[in-house]
Amino acid sequence: MNTAMPIPVFVPNLKRRTDRKESIMREFEGRQEFSLHVVEAIEHQVGAIGLWQTILQILQHFVSDEDDFIILCEDDHYFTGAYTTEKLLHAISIATERNADLLLGGVSGFSSVLPVAGELYWVEKFSGLQFTVIFRRFFQRIIAAPMENFNAADYHMSDLTADKMLIYPAFSAQKEFGYSDATPKNAEAGKVTQYFEQVAERLQILNNVSAFYSKMPAQSTVPEDHTNICIPVYLLINEQQHAALASAEKTFADRKEFEHRKIKNQSAHPIAALQACVADAAAQDDDIIIICREGHVFSDAYSKDYLLQNIIAAYQQGAALLAGDAEMFGFAMPISENRYWVNEVKGWHLLVIFSKVFRQILDEPWDNDTLPDDFLSTTSSNKMLLYPFISQTTDNPMSTSGWLPPARQRLIGIRSAYNKYLNETVCM
């Protein structure tokens, strides 16, 4: 890696935005580690497209052949108190060793992250090109990227590579100017500041999650004699839906590891029905129960041992909920080969509920507008998602055509990043 100073920094700036130009020049004044180039941005009726065209111009015409990397910087950037030259060079060195395409010094949003080394994190998706190190290996992919379905320059760049790293605490934040050329919705006063503050809060939460699970066992052994283990199962299906109820009962009929229990008044609100199931389980002093929704069938990944091993390990890790599938989830972090901590999970069809959260479910307030998945997400921060999924729906079975639903695509991508960057350093 060529780490010769100064580092070339390119700042797109619309000619009429003299206030931003003056601000960014003051920000870099006296910083000998950088060579600042303010580039006149290309005007376009869609600001994001103009920014992208300017980025292409920089890579094709302004970058020296000797530059192993450059920094792309927004003209509303300012350095935070976390920045030092030594920290930046150290981060660039680690990102180079790990073959990263992008190193992000400050973002306004992200999906999942995984701690890699020190203050560096792998990031799944991000928003904000506030202070972005772009490595030469990635130049041509940006230049060759198609513009179909273009939405925003940061999203577009994020989608082009899985090899992205984020610095935290952030080196860069966004100065308020009261307007945004690339993203008009961010013109509201205080909006961008709020984004960067939320990023810091969420990263701290994920740091805490990683530290919590790193102290706990990731795997467990199923007892040799588990022939008598029988898990109570409740079906959240309206009693009047006779065909759906019969189909669900048939799914469990020949599986001796489950005990199907029936609860009256299944025509009530889904949360009331859920609470009725939990109240029944609490009255019978159950340690765990399974809740199933209409349409559930077991996937090919299901086996009794696979389920029991993950239930036991999740219990030992203090889990409150373990979802057997999902249509959507928020942040996800691998905590074992097959389990992910998630901050929220939606669209599940099989859910394991542990007794530690029974009372919270019974006491948690709700109204008729509360969605069951949102309700459950508020009951505990210790929620897990099992993958490969053990549940699939009758109208949406596992794809054999090569296409995968978004939730599965995301979990595969996060697992791939874990295996590539973190297999010996995080959680497991």
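Counting restarts for each chain, with residues numbered from 1 along the sequence as it is written. Where local features are concerned, this predicted model is filtered to residues with pLDDT of at least 70; where side-chain atom pairs are given and counted, the filter is 80 or more; whole-chain, interface and lining totals use all residues. Only hydrogens and water are removed before side-chain values are computed, so all heavy atoms of the structure are retained for them.

Draft legend 1. Inspection of the environment of Ala 323 at higher detail. Counting from the N terminus, the helices are the DSSP runs of H or I reaching at least four residues and the strands are the DSSP runs of E reaching at least two. The residue Ala 323 is located in strand 17 (residues 321-323) in this model. Only protein chains enter the area calculation, which uses a 1.4 Å probe; residues under 20% of their type maximum are buried, those over 50% are exposed, and those in between are partly exposed. Residue Ala 323 is classed as buried on the basis of its relative accessible area of 0%. Once residues lying within four places of it in the same chain are set aside, the contact partners of Ala 323 are Val 345, Trp 348, Leu 350, Leu 351, Met 384, Leu 385 and Leu 386. Whether two residues are in contact is decided by their heavy atoms, any of which lying within 4.5 Å being enough.

Draft legend 2. Representation of the sheet that holds strand 10 (residues 131-135) within the structure. Each pair of strands is called paired provided DSSP finds at least two bridges between the two strands. Strand order in the open sheet formed by eight strands is 2-1-3-10-5-11-8-7, with mixed pairing between adjacent strands. Sheet topology places strand 2 (34-40) and strand 7 (113-117) at the edges, where each strand pairs with a single neighbour. The mean angle between the axes of side-by-side strands here comes to 30°, regardless of whether they run parallel or antiparallel. In the sheet, strand 3 (residues 69-73) pairs with strand 10 via five bridges, with the strands oriented antiparallel. Note on geometry: axes are lines fitted to C-alpha atoms, helical ones only across the stretch in contact, with angles between N-to-C directions running from 0 to 180 degrees.

Draft legend 3. Spatial organisation of the pairing of strand 14 (residues 258-261). Across four bridges, the pairing between strand 13 (residues 231-236) and strand 14 is parallel. If you follow Pro 232 over to strand 14, its bridge partner there is Glu 259.

Draft legend 4. Summary view of the nonpolar core. Put simply, buried Ala, Val, Leu, Ile, Met, Phe, Trp, Tyr and Cys residues joined by side-chain atoms within 4.5 Å make one nonpolar core. In terms of nonpolar packing, the biggest core is built from 136 residues, with Phe 34, Trp 52, Leu 103, Ile 142 and Ile 353 touching the most fellow members. Residue contacts for Ile 353: discarding those within four places in its chain leaves Leu 274, Asp 287, Ile 288, Ile 289, Ile 291, Ala 320, Leu 321, Phe 358 and Ile 361.

Draft legend 5. Quick peek at the environment of Val 278. Along the chain, Val 278 falls in helix 8 (residues 270-283). Between the C-alpha atoms of Val 278 and Ile 361, which are 83 residues apart in sequence, the distance is 7.7 Å. When sequence neighbours within four positions are dropped, the list of residues in contact with Val 278 reads Ile 289, Phe 358, Ile 361 and Leu 362.

Draft legend 6. Focus on helix 8. The length a helix should cover is 1.5 Å for every residue beyond the first. The end-to-end C-alpha separation of helix 8 is 20 Å, in line with the 20 Å expected for 14 residues at 1.5 Å each. Those residues of helix 8 lying buried are Ile 271, Ala 273, Leu 274, Gln 275, Cys 277, Val 278 and Ala 281. Where helix 8 is buried, its residues meet strand 13, strand 14, strand 15 (288-293), strand 22 (350-354), helix 10 (358-363) and helix 11 (372-377). Where helix 8 terminates, the next one or two residues include Asp 285, which has phi positive at roughly 60°.

Draft legend 7. Seen up close, the side chain of Asn 310. Locating Asn 310 in the fold gives a position in helix 9 (residues 304-316). The class of Asn 310 is buried, set by a relative accessible area of 2%. Pairs of N or O atoms are called polar contacts if they sit within 3.5 Å, as long as, within protein, a hydrogen donor faces a hydrogen acceptor (for residues adjacent in sequence, only side-chain-to-side-chain pairs). A polar contact is formed between the side chain of Asn 310 and the side chain of Arg 339, at a distance of 2.7 Å. The contact partners of Asn 310, leaving out residues within four places of it in the chain, are Leu 322, Ser 336, Asn 338, Arg 339 and Leu 386.

Draft legend 8. Main features of the pattern of salt bridges. The rule for a salt bridge is simple: a side-chain nitrogen of Lys or Arg has to be within 4 Å of a carboxyl oxygen of Asp or Glu. Considering all chains together, one arrives at 14 salt bridges under this definition. Of the charged contacts in the structure, one is a salt bridge between Asp 280 and Arg 261, with a shortest N-O distance of 3.8 Å. Of the two residues, Asp 280 sits in helix 8 while Arg 261 sits in strand 14, which places them 19 residues apart along the sequence. By relative accessible area, which is 24% here, Asp 280 ends up partly exposed. One salt bridge connects Asp 363 with Arg 359, and the closest N-O pair in it is separated by 3.2 Å. Taken as a pair, Asp 363 and Arg 359 lie in helix 10 at a separation of four residues, close to a single helical turn. For Asp 363, a relative accessible area of 49% translates into the label partly exposed. Since its relative accessible area comes to 52%, Arg 359 is described here as exposed.

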